[in-house]
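# Residue-level structural notes
Listed here are the chains, written in short residue letters.
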Amino acid sequence: MGDSSIANFQPLPLPDGITEHYLKSKDLHYYYLSAGDPSKPLILCLHGFPELAYSWRKIMPALASNGYHVVAYDQRGYGRTRNHDDRPFHEVDLGTFAFTRLVRDAVIFVNALGYKEVECLISHDFGAVVGAWSALTRGDIFKSVIMMAHPFKGSPSLPFNTVSPNYQPPPPEPNIHEALANLPSPRKHYKWYYSTAPAANDMLNPKADLHTFLRGYFHLKSADWKGNNPKPLQAWSATELATMPYYYVMPFHSTMREAVTLSMANEDPSLVQQKWERWLSDRELDVYVSEWTRTGFQGGLNWYRVATEARLMEDLDVFAGRKIDIPSLFVDGRQDWAMFQEPGVLEKMNDTCSKFYGIEVVDGAGHWVQQEQPERVVDIVEKFLIKVKKDKMSY
């Protein structure tokens, strides 16, 4: 708490009822936000990319008013949380960003905060991946989970009964990147772009234009952009993936900044401004701009490098076949492509989650559902927690 390295951090513009804290642990030095009475049951919120604990500000006070201690921390590689490996692209130990390490971060944080269990884990975007794996591996700590804007594809499948004379190995996966590159209008997948060495610098520089880039990025993935008309993809194929917007499946020779610029080219700046004032004002966006200017993007992008590198995902094989066995719910905005970006995953959640409470799709929201429609999200969370409590009492 007396760490001099935090002295230069300016307080964030937060709603009434939310306070800022720093917490040293045996590993990370966490920056976190809290709302509510610390003696009440804990709700833990996990953000995604390119977000921060700050992204939960609109729902934290309302949830706390229902008798919860609501907490959100900047995750490993993000914002004001420190003590992670922040070496450059070719030097960093990516093992420290493995999914199991991110789950460990949540477990350490909960213990350091003085809790033995979490009433609900609310997670968004890449944070929902951490939320899902936390729920699957530590259901003794996390009593329920809400995943937003990133459905859980399930635990790994391992080759089964290979001793059988009738065993047939699965066919090799088609090279989707080669297929995308060979389209008449060549494309590439954003996750693999984010995993490349130039990506962090491409996104950060020039810093003078970072506000414009992030404004476009948040706008394009929201319900405000009329180009968002998501639908289920029929297959993991180049032609199907190419139906997605440029922020997911990019023009082959473009950086993410250039992809955003292309999609924003026909937007009316005055109309865009009217829309963004409703849910992400310039003052609020400046929080993201300031934090990313200070830290750079590589810490957040290291998560994608793990996800796209098979050898860094092998430790999850120990959980092969396991399901999420705690009450779970999926929430997304109706204009969000994220729930469909991997064919069939959303539809399988009834199978990957044994106590699945269904899918809530929020009108008037895109990817940033808890920021675009906070009142609706609060209502969904409250009803889910009430139902979980009732069901628990009936056992």
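Heads up: these notes are all about the structure in this document. No experiment lies behind these values; they were computed from the predicted model shown. (Residues numbered from 1 in each chain as written. Predicted model: local features only at pLDDT ≥ 70, side-chain atom pairs only at ≥ 80, totals over all residues. Heavy atoms only, no water.)

### Structural notes on the pairing of strand β9 (residues 328-333)
β9 sits mainly inside the fold: six of its six residues count as buried. Burial along β9 is two-sided: S328, F330 and D332 and L329, V331 and G333, pointing in opposite directions, are all buried. As paired elements, strand β6 (residues 145-148) and β9 share four bridges and run parallel to each other. Counterpart to M148 in the pairing with β9 is V331. With five bridges joining them, β9 and strand β10 (residues 356-362) adopt parallel strand pairing. Residue pairing across strands places S328 opposite F356, the latter belonging to β10. (Buried < 20%, exposed > 50% of the residue type's maximum accessible area, 1.4 Å probe, protein only. Helix = DSSP H or I, 4+ residues; strand = E, 2+ residues; numbered from the N terminus. Pairing = 2+ DSSP bridges.)

### Considerations on the pattern of salt bridges
Counting across every chain of the model gives 20 salt bridges. A salt bridge links D85 to R87, with the nearest nitrogen and oxygen atoms 2.7 Å apart. Under the relative-accessibility criterion, R87 is labelled partly exposed at 40%. The salt bridge partner of K387 is D391, with a shortest N-O separation of 3.3 Å. Within this pair, K387 and its partner D391 are both found in helix α15 (residues 374-394), separated by four residues, close to a single helical turn. Residues participating in the shared-partner salt-bridge network are D27, R76, R101, R104 and D105. (Salt bridge = Lys/Arg side-chain N within 4 Å of Asp/Glu carboxyl O.)

### Things to note about the side chain of S281
Positionally, S281 belongs in the loop between α10 (269-279) and α11 (282-295). Leave out the neighbours within four places in its chain, and S281 touches R215 and W276. (Contact = heavy atoms within 4.5 Å.)

### A word on the nonpolar core
L44 and M256 are the most contacted members of the largest nonpolar core, which has 131 residues in total. Apart from residues lying up to four places away in sequence, M256 is in contact with Y190, Y193, Y194, M203, F213, Y217, Y247 and M250. (Core = buried A, V, L, I, M, F, W, Y, C linked by side-chain atoms within 4.5 Å.)

### Brief notes about the environment of G364
Of note, G364 is situated in the loop between β10 and α14 (369-372). For G364, a relative accessible area of 33% translates into the label partly exposed. The spatial distance from the C-alpha of G364 to the C-alpha of A62 is 20 Å, given a sequence separation of 302 residues.

### A word on the packing of helix α7 (residues 210-220) against α11
Relative orientation of the contacting elements α7 and α11 amounts to 120 degrees, with a least axis distance of 10 Å. Note that α7 runs across α11; the crossing there is right-handed. In contact with L210, H211, L214, R215 and F218 of α7, α11 contributes D282, L285, D286, Y288, V289, W292 and T293. A class-by-class count of the residues in the contact of α7 with α11 yields seven nonpolar, two polar and three charged. (Axes fitted to C-alpha atoms, helices over the stretch in contact; angles between N-to-C directions. Left-handed = near helix turned anticlockwise from the far one by under 90°. Nonpolar A, V, L, I, M, F, W, Y, C, P; charged D, E, K, R; others polar.)

### As for the environment of L262
Note that L262 resides in helix α9 (residues 256-264). A residue is classified by how much of its surface remains accessible, and L262, at 47% relative accessible area, is partly exposed. Taking C-alpha positions, L262 is 33 Å from E91, a pair spaced 171 residues apart along the chain. Residues contacting L262, with those up to four places away along its chain left out, are Y246, P251 and S254.

### Observations concerning the sheet that holds strand β2 (residues 29-35)
Reading across from one edge, β1-β2-β4-β3-β5-β6-β9-β10 is the order of the eight strands in this open sheet, with mixed pairing throughout. Strands with a single pairing partner mark the edges of an open sheet, and in this sheet they are β1 (18-24) and β10. Each strand of the sheet is rotated relative to its neighbour by a mean of 20 degrees, with strand direction disregarded. As judged from the four bridges shared by strand β5 (residues 120-124) and β6, these two strands associate in the parallel manner. Across the sheet, residue H124 finds its bridge partner in β6, namely M148. Lying on the sheet, helix α3 (residues 126-137) is in contact with β3 (42-46), β5 and β6; it crosses β5 at an angle near 150 degrees. Where α15 meets the sheet, its contacts fall on β3, β5, β6, β9 and β10, and the angle it forms with β10 comes to roughly 165 degrees.

### Examining the packing of helix α2 (residues 99-112) against α3
Running from N to C, α2 and α3 point in directions that differ by 80 degrees, and their axes come no closer than 9 Å. Between α2 and α3, the crossing angle belongs to the class labelled roughly perpendicular. Contacts between α2 and α3 involve F99, L102, V103 and A106 from the first element and F126, V129, V130, W133, S134 and T137 from the second. Across the contact of α2 with α3, the residue classes break down as eight nonpolar, two polar and no charged. (Parallel < 35°, antiparallel > 145°, perpendicular 65-115°, else oblique.)

### Some thoughts on unusual backbone geometry
Among all residues save glycine, negative phi is the norm, and among peptide bonds the norm is trans. F49 connects to P50 through a cis peptide bond whose omega is -5 degrees. The topology assignment puts P50 in the loop between β3 and α1 (60-64). Geometrically, the link from N205 to P206 is a cis peptide bond, its omega value of 0 degrees lying close to zero. Structurally, P206 can be placed in the loop between α6 (199-204) and α7. Notably, N83 is not glycine yet its phi reads approximately 80 degrees, a positive angle. Positioned with a positive phi, A149 is a non-glycine residue whose angle comes to about 65 degrees.

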